[in-house]
Amino acid sequence: MDTILVVNAGSSSVKFQIFSVEGEGDLRRQIKGQIDGIGSRPRLRASGVRGVPLAHRAYPIESVSDVSAAMGVASGWLRDELRISPMAVGHRVVHGGPDFVGPVLIDHGIVAQLERFVALAPLHQPHNLALVRSLLANFPTLPQVACFDTAFHRTRDAVSDHYAIPHQLYAEGVRRYGFHGLSYEYVAKTLPHVAPEIAKGRVIVAHLGSGASMCALKGGRSIESTMGFTALDGLPMGTRPGQIDPGVVLYLISEKGMSPAKVQDFLYRDSGLKGLSGVSNDMRELEASEDPKVKLAIDYFVYRVGLHAGMLAAALQGLDAFVFTAGIGENSIRIRARIVDQLRWLGATLNPIGNSRHMRLISGSDSCIPVYVIPTDEELMIAQHTLSLLLERPSPGVRHERAS
Ligand code: ADP
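Residues numbered from 1 in each chain as written. Predicted model: local features only at pLDDT ≥ 70, side-chain atom pairs only at ≥ 80, totals over all residues. Heavy atoms only, no water.

Concerning the overall build of the chain
From N to C terminus, the chain includes 16 helices and 13 strands. C-alpha atoms of the chain, sized along the principal axes, occupy 55 × 55 × 45 Å. Counting over 404 residues, the chain shows a buried share of 54%. Relative to all contacts within the chain whose residues are 6 or more apart in sequence, the contacts with residues 24 or more apart total 62%. If you sum the accessible surface of the chain, you get close to 18,600 Å²; carbon and sulfur atoms cover 53% of it. (Helix = DSSP H or I, 4+ residues; strand = E, 2+ residues; numbered from the N terminus. Buried < 20%, exposed > 50% of the residue type's maximum accessible area, 1.4 Å probe, protein only. Contact = heavy atoms within 4.5 Å. Areas by Shrake-Rupley, 256 points an atom, 1.4 Å probe, with all protein chains shown as cover.)

If you want it as structure tokens, here you go:
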């Protein structure tokens, strides 16, 4: 069986999926797994088609001390117990910087270029690249493809790509990149099958997960989004504040004596829903709480989604549809209802029964704009990109072109 391995490496976990390549180049998901608790309580969990459990086992801490060791355990399990040796690996790489407008076959030169963006995605990029490097060292002939969260937004106009700072910094790469591009690309590709006329129009997609952002799609193309240079801007998230006056950061440095590393931790790990509620970064836990600070955190989240929807509707000069996706967007009946209420001024109404049944269309029959729930599938996007690049690959010995 020809298979593609899709991996997403984080600081303490490696998530992986196996897709089989069927006739006509169709892809079928066979296995979904992850190793989490790296460096603390490593565990491998995996399931097969229709969620059939395949593995649930613990490992001694010293045998899975980093992402490369975790991938070694996962690939050993796939090879020895399931007889799966993938023909290629597709990686989610968060930051592609200014040059990468699409997925790219990885070599040492590409890795060196991507190292430059480690500081711009400190929670993900170093781990993404550590895994790439270890696979390059151990399996030098195995094709690896990098798929970027930034690439989908790279065709935006100059006004949405710039900050109002001296041009030299833009030239160096200080730009409004936008993230969650693989998720938006999946939604943009799915919409024509859901509502062909709407897909040609002006759509806001709200990717509301642990990380959260929104994207304005015009004819399936990103024209604006809530995130910028890094994945800190825009909506409040599990542990990130979203939009914040840069003066707050100056205050933390000059008045609180915080070092750059402390500020980074504050912005990436201690803020957002966790910081504001003082309870949790997990929306399920927050929804179950009666704490007034938790209520404020949820109110803030909903309010901010509404504010940014207004901004994106202005960028689009109107709105033809609104789409929810990712963990909160796909699952939280209450948060969706409250956000649709924030969109009332745009003419949106809710069908409470459709919403509570998680139907694809959840707007009321009197709504001026349809509101959809479209579950995202970033891994399928990565597998598709990986297969496409594999099929286009030049013959051995010919250096591939970099997407730039
Ligand atoms: P990531 O992939 O970035 O880890 P997800 O897209 O999985 O994030 O989203 C995680 C978020 O979704 C968490 O805040 C979690 O609480 C929330 N979530 C998942 N299921 C539900 C649910 N049934 N109700 C409310 N929130 C949910």
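Additional details are given in the paragraphs that follow.
With respect to the UniProt feature "binding site: Mg(2+)" (unreviewed entry) in the chain
Under the feature "binding site: Mg(2+)" (unreviewed entry), the UniProt entry names Asn-8 and Glu-378. On the basis of their most widely separated C-alpha atoms, the annotated residues across 371 residues gather in one place, lying no more than 10.1 Å apart. By secondary structure assignment, the location of Asn-8 is in strand β1 (residues 3-9). The residues contacting Asn-8, other than those within four sequence positions of it, are Ser-13, Val-14, Lys-15, Arg-92 and Asn-128. (UniProt positions renumbered as here; feature names shortened; annotations may be inferred.)

Notes on the side chain of Arg-156
In this fold, Arg-156 is placed in the loop between β8 (144-148) and α4 (158-161). Within the buried set, Arg-156 has no salt-bridge partner at all; the shortest N-O distance to an opposite charge, 4.2 Å, is to Glu-224. Polar side-chain contacts of Arg-156 include one of 3.2 Å to the backbone oxygen of Ser-160. (Lys, Arg positive; Asp, Glu negative; His and termini not counted. Salt bridge = Lys/Arg side-chain N within 4 Å of Asp/Glu carboxyl O. Polar contact = N/O pair within 3.5 Å; in protein donor to acceptor, adjacent residues only side chain to side chain.)

With respect to the nonpolar core
Of all hydrophobic cores here, the largest spans 42 residues; its most connected members are Ile-204, Leu-208, Met-214, Phe-301, Phe-322, Phe-324 and Ile-339. Listed by contribution, the elements that provide at least two residues to this core are β9 (202-208), β10 (212-218), α11 (283-287), α12 (292-316), β12 (321-325), α14 (333-342) and β13 (371-373). If one sorts the elements of this core by residue count, α12 sits on top with 10 residues. Membership of the second largest hydrophobic core comes to 25 residues, among which are Phe-16, Ile-18, Ile-31 and Ile-35. (Core = buried A, V, L, I, M, F, W, Y, C linked by side-chain atoms within 4.5 Å.)

Let's talk about the UniProt feature "active site" (unreviewed entry) in the chain
The sites that UniProt annotates as "active site" (unreviewed entry) are Asp-149. One can find Asp-149 in the loop between β8 and α4. Ignoring any residue separated from it by four or fewer positions in sequence, one finds Asp-149 in contact with Arg-92, Val-93, Val-94, Gly-178, Phe-179, His-180, Gly-181 and Leu-182. Only 2.6 Å separates the side chain of Asp-149 from the side chain of Arg-92, close enough to count as a polar contact.

Description of the site of the ligand
Taken together, 13 residues surround the ligand, and among them Ser-210, Asp-282, Met-283, Glu-287 and Gly-327 come closest. Coverage of the ligand by the protein chains reaches 68% of its 580 Å² of free accessible surface. Elements supplying a minimum of two residues to the shell around the ligand: α11 and α13 (326-331). At 4 residues, the largest contribution of residues to the shell around the ligand is made by α13. Tallied by class, residues from the shell around the ligand come to 3 nonpolar, 7 polar and 3 charged. (Near = heavy atom within 4 Å. Nonpolar A, V, L, I, M, F, W, Y, C, P; charged D, E, K, R; others polar.)

Things to note about the pairing of β10
Of all 7 residues making up β10, 6 are buried, and the element is well covered by its neighbours. By the bridge criterion, 7 bridges tie β9 to β10 in an arrangement that is antiparallel. Within β10, the position partnered with Ile-204 by the bridge is Ala-216. The hairpin formed by β9 and β10 contains 3 residues between the paired strands. Sheet topology note: the β10/strand β11 (residues 221-225) ladder contains 4 bridges and is antiparallel. Bridging from a neighbouring strand, Leu-217 pairs with Ser-222 of β11. Remark: 2 residues form the turn of the hairpin made by β10 and β11, two consecutive strands paired antiparallel; Gly-219 in that turn has positive phi of roughly 55 degrees. (Pairing = 2+ DSSP bridges.)

What about the sheet that holds strand β2 (residues 14-21)?
Spatially, β5-β4-β3-β2-β1-β6-β8-β7 is the arrangement adopted by the 8 strands of the open sheet, whose pairing is mixed. The sheet terminates laterally at β5 (53-58) and β7 (104-105), the two strands that pair on one side only. The pairing of β2 with strand β3 (residues 27-36) spans 8 bridges and is classified as antiparallel. Paired with Ile-18 across the two strands is Ile-31, which belongs to β3.

A closer look at the domain arrangement of the chain
When its domains are assigned, the chain resolves into domain 1 (3-148 + 379-392) and domain 2 (196-373). Relative placement of domain 1 and domain 2: their C-alpha centres are 28 Å apart. Each side of the interface is counted separately: domain 1 has 4 residues, and domain 2 has 5 residues. When domain 1 packs against domain 2, the two sides together hide about 540 Å² of surface, and 63% of this comes from carbon and sulfur. For domain 1, the biggest contributors to the area lost against domain 2 are Leu-120, Pro-122 and Leu-123; these three give 79% of the whole. The interface formed by domain 1 and domain 2 holds 0 salt bridges in total. At the boundary of domain 1 and domain 2, one finds 1 residue pair in polar contact (both at pLDDT 80 or more). (Domains from an automatic or database assignment. Buried area = accessible area lost by both parts, 1.4 Å probe.)

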